[in-house]
Amino acid sequence: AFWPTSRGFDHFSGILGGTADYYLHDLMDGYDYRADTDVDYIANGTYDTFLIRDRANEVILGHDKNSPLFLYLPFHAPHDPLQVDKSYQDIYSDIPDESRQKYLGMVTALDDAVGNIIDSLKQSELYENSVIVFLSDNGGPGGNWPPSVGGYEMEYGASNWPLRGSKMTLFEGGTRTVSFIHAPKYITPRVETGLVHATDWFPTLLSAAGLEHDEDLDGVDQWEKLKNASLPEPRTEMLYNLFVPSFLGVVDMDSWPPLSAIRVGDWKYIWRDYGFDGWSTPAEQGTDDEPGEPKENKTSAVQPCI
């Protein structure tokens, strides 16, 4: 009941879990690549980013331009394990950090795949009427955080500089990610400085498609604001998260009170920080701060967003 094809999607292609091998597609001693609900053994041996690219192009080029299309492409890259064709890694051979080389190579392969998909949208005459959203789910690992668990060894090739913290923290480096929306027919290019939360995309994209949505949602409809920069900001505060540490599975902390953070205007309130709280500078610019140790701050911390 939780598979994509049981939750509104007509078709699904890819892995169901995370951290699978990019070529062998194995995870926890099992093969994890699917075509709808069937096991897709033909994918074995092909780089995951290229599989997603090729399947997306197939869907786009075979689609009737007079019919609507929703295409969701959650690329695995650049999530660990850090794997990429050597031709991409070698682009960054001058950087004295192999993990960083692989990470940048993965991002470049992803960038090429996205560019190729854009070309298909143009070729199919879908591009001008498309709304393209590019985003990430969290910041990258940094400062030896999140730590390796069990037999799984983490690599730390990402950098959230100049933001503080890393993945699995409530600092800006763990929660603020690069993002853009591109809609040639509807939006004039600009830099948006207002608050946008991940939950906002649901009502925003429904509005873009001309569909109604319930008002009682966590997300805020940003569509009109995106089209018209002169309108007031739809969102002035944001709850980052609220959860107990047992969710992490990698830290020994009291289970209460919850780890949480909220932003109101230009101020951010963090209750109990944890994980890496430094700045993970990219290898090409210098060395990291000293890796942060898992810790707990039992007093509240009020600080401006950084």
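The model shown is predicted, which means the values in this text are computed figures rather than measured ones.

Here is what the cut-offs are and how they apply
- Residues numbered from 1 in each chain as written.
- Predicted model: local features only at pLDDT ≥ 70, side-chain atom pairs only at ≥ 80, totals over all residues.
- Heavy atoms only, no water.
- Helix = DSSP H or I, 4+ residues; strand = E, 2+ residues; numbered from the N terminus.
- Contact = heavy atoms within 4.5 Å.
- Areas by Shrake-Rupley, 256 points an atom, 1.4 Å probe, with all protein chains shown as cover.
- Lys, Arg positive; Asp, Glu negative; His and termini not counted.
- Charge placed at Lys NZ, Arg CZ, Asp CG, Glu CD.
- Pairing = 2+ DSSP bridges.
- Patch = residues over 30% accessible without salt bridge, like charges linked within 9 Å, V, L, I, M, F, W, Y side chains within 5 Å.
- Salt bridge = Lys/Arg side-chain N within 4 Å of Asp/Glu carboxyl O.
- Buried < 20%, exposed > 50% of the residue type's maximum accessible area, 1.4 Å probe, protein only.
- Axes fitted to C-alpha atoms, helices over the stretch in contact; angles between N-to-C directions.
- Parallel < 35°, antiparallel > 145°, perpendicular 65-115°, else oblique.
- Nonpolar A, V, L, I, M, F, W, Y, C, P; charged D, E, K, R; others polar.
- pLDDT = per-residue confidence, 0-100.

What's the story with the overall build of the protein in this structure? I'm lost.
Each helix and strand in the protein was counted, giving six helices and 11 strands. In terms of overall dimensions, the protein has a C-alpha envelope of 55 × 50 × 45 Å along the principal axes. The long-range share in the protein, meaning contacts at least 24 apart out of those at least 6 apart in sequence, stands at 57%. For the protein, the exposed surface amounts to about 17,600 Å²; the carbon and sulfur share of it is 53%. Here the protein carries 22 positive and 49 negative side-chain charges, and the mean point of each set is 5 Å from the other.

Please explain unusual backbone geometry as it appears in this structure.
Residues apart from glycine generally show negative phi values, whereas peptide bonds are mostly found in trans. Here the residue pair Ala-77 and Pro-78 is connected by a cis peptide bond, since its omega of 0° sits within 30 degrees of zero. Along the chain, Trp-161 connects to Pro-162 via a cis peptide bond; the corresponding omega equals 5°. Mapping Pro-162 onto the fold places it in the loop between β6 (132-134) and α4 (172-175). Even without glycine at this site, Thr-19 takes up a positive phi of about 65°. On the secondary structure map, Thr-19 appears in the loop between β1 (13-14) and β2 (26-27). The backbone of Asp-36 shows a phi angle near 60°, a positive value even though the residue is not glycine. As for its position among the elements, Asp-36 is in the loop between β4 (34-35) and β5 (38-39).

What exactly am I supposed to notice about the sheet that holds β5 here?
Within a sheet, each strand pairs with its neighbour through backbone hydrogen bonds, oriented either parallel or antiparallel. As summarised here, the arrangement of the three strands in space is β1-β4-β5, forming an open sheet in which the pairing is antiparallel. Pairing within the sheet leaves two strands with one partner each, and these edge strands are β1 and β5. Judged from the two bridges that link them, β4 and β5 form a sheet pairing that is antiparallel. Paired with Arg-34 across the two strands is Val-39, which belongs to β5.

Any chance you could explain a nonpolar patch on the surface here in plain terms?
A contiguous nonpolar patch, built from Leu-239, Leu-242, Ile-262, Val-264 and Tyr-269 and spanning about 430 Å² of accessible area, is present on the exposed surface. Of all the secondary structure elements, the ones that give two or more residues to the nonpolar patch are β8 (237-243) and β9 (259-264). Along the polypeptide, Val-264 turns up in strand β9. A relative accessible area of 45% places Val-264 in the partly exposed class.

What am I meant to see in the packing of helix α1 (residues 48-61) against helix α3 (residues 98-123) here?
Any two packed helices are characterised by how steeply their axes cross, that is the angle between the axes, and by the distance between the axes. Closest axis-to-axis distance for the α1/α3 pair is 9 Å, and the angle between their directions is 5°. Looking at the two axes, α1 sits roughly parallel to α3. Together, Thr-49, Phe-50, Arg-53, Ala-56, Asn-57, Ile-60 and Leu-61 of α1 and Ala-109, Leu-110, Ala-113, Asn-116, Ile-117, Ser-120, Leu-121 and Gln-123 of α3 make up the contact between the two elements. When the residues that make up the contact of α1 with α3 are grouped by side-chain class, the tally is nine nonpolar, five polar and one charged.

Please explain the pattern of salt bridges as it appears in this structure.
Any two side chains of opposite charge can pair if their charged atoms end up close together. For the coordinates displayed, the defined rule picks out 14 salt bridges. Arg-176 is the salt-bridge partner of Glu-172, the closest N and O atoms lying 2.9 Å from each other. A relative accessible area of 2% places Glu-172 in the buried class. The salt bridge partner of Lys-268 is Glu-172, with a shortest N-O separation of 2.7 Å. Of the two residues, Lys-268 sits in strand β10 (residues 267-271) while Glu-172 sits in helix α4, which places them 96 residues apart along the sequence. Grouping residues by exposure puts Lys-268 and Glu-172 together as buried. Salt bridges sharing common partners tie together Glu-172, Arg-176 and Lys-268.

Teacher, can you tell me more about a negative patch on the surface here?
On the surface, Asp-214, Glu-215, Asp-216 and Asp-218 cluster together to form a negatively charged patch. Among the secondary structure elements, Glu-215 is positioned in the loop between α5 (201-208) and α6 (223-227).

How should I be thinking about the confidence of the model for the protein in this particular structure?
Note that predicted coordinates carrying low pLDDT should not be read in detail. Mean pLDDT for the protein: 89, with 91% of residues reaching 70 or above. Low confidence marks residues 289-306, where pLDDT is under 50. Its contacts with residues over four positions away, or in another chain, come to 53 contacts.

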